[in-house]
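# Observations on chain architecture
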Amino acid sequence: MSLTVPNELLDQAKAGEVDDAAFVACVRDSLPYAWSLISDLVGERERTGAEFTDNTVPPPDEAARGQLLRCLASDAMRGALERHFGVKLAFQNCHRVAVFDPAAVKAHAEFVTARSQILNQSPELVDC
């Protein structure tokens, strides 16, 4: 299961639109590893002022890896986190999450190319 949805949020969804803040809280509570990694990257990017910052350390276990995959493969979750943090997210392999300043269009465009994906490959990442 991707998210542990509180009854109040489920009722909200059944009644109509879901509040973005409530959805973000659900993601935060359901996927703590993914939330922590992304929020730490956001903080690092803000501290350094860099166009982007990224994670190159594999998750500690399969559960953490699964959280990243579920979070970043979902357009709804990714979009909610981008709006919440005011960033653009990108993802390569099973763990390379990048947080971009929304104005860093060129850096983001380069990160998401086939070339960048290929250059990010290594034998250790084949089964990640």
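Residues numbered from 1 in each chain as written. Predicted model: local features only at pLDDT ≥ 70, side-chain atom pairs only at ≥ 80, totals over all residues. Heavy atoms only, no water.

### Here we look at the overall build of the protein chain
For the protein chain, the count of helices and strands is 7 helices and 3 strands. Mapped from its N terminus to its C terminus, the protein chain presents α and β elements in the order α-α-α-β-α-α-β-β-α-α. Residues counted as buried form 41% of the 128 residues belonging to the protein chain. At a minimum sequence separation of 6, the contacts of the protein chain that also span at least 24 residues come to 60%. Total accessible area computed for the protein chain in this model is approximately 7,400 Å², and 54% of it derives from carbon and sulfur atoms. (Helix = DSSP H or I, 4+ residues; strand = E, 2+ residues; numbered from the N terminus. Buried < 20%, exposed > 50% of the residue type's maximum accessible area, 1.4 Å probe, protein only. Contact = heavy atoms within 4.5 Å. Areas by Shrake-Rupley, 256 points an atom, 1.4 Å probe, with all protein chains shown as cover.)

### Notes on the pairing of strand β3 (residues 96–100)
With 5 of its 5 residues buried, β3 lies for the most part within the structure. With burial as the criterion, each face of β3 is covered, one bearing Arg 96, Ala 98 and Phe 100 and the other bearing Val 97 and Val 99. Pairing of strand β1 (residues 52–54) with β3 involves 3 bridges; the strand directions are antiparallel. The residue of β3 that forms the bridge with Phe 52 is Phe 100. (Pairing = 2+ DSSP bridges.)

### Some thoughts on the packing of aromatic side chains
Tallied over the entire structure, the rule returns 2 aromatic pairs. Ring geometry for Trp 35 and Phe 85: centres 5.1 Å apart, planes at 40°, overall tilted. Taken together, the residues span a long stretch of sequence, with Trp 35 in helix α3 (residues 32–48) and Phe 85 in helix α5 (residues 75–85) at a distance of 50 residues. Take Trp 35: its relative accessible area is 16%, and that puts it in the buried class. Taking relative accessible area as the criterion, Phe 85 reaches 17% and is therefore assigned buried. Judged by centre distance (4.8 Å) and plane angle (20°), the ring pair of Phe 52 and Phe 100 falls under stacked. Within this pair, whereas Phe 52 is found in strand β1, its partner Phe 100 is found in strand β3, the two being separated by 48 residues in sequence. (Phe/Tyr/Trp six-rings, centres within 6.5 Å; stacked < 30°, edge-to-face > 60°.)

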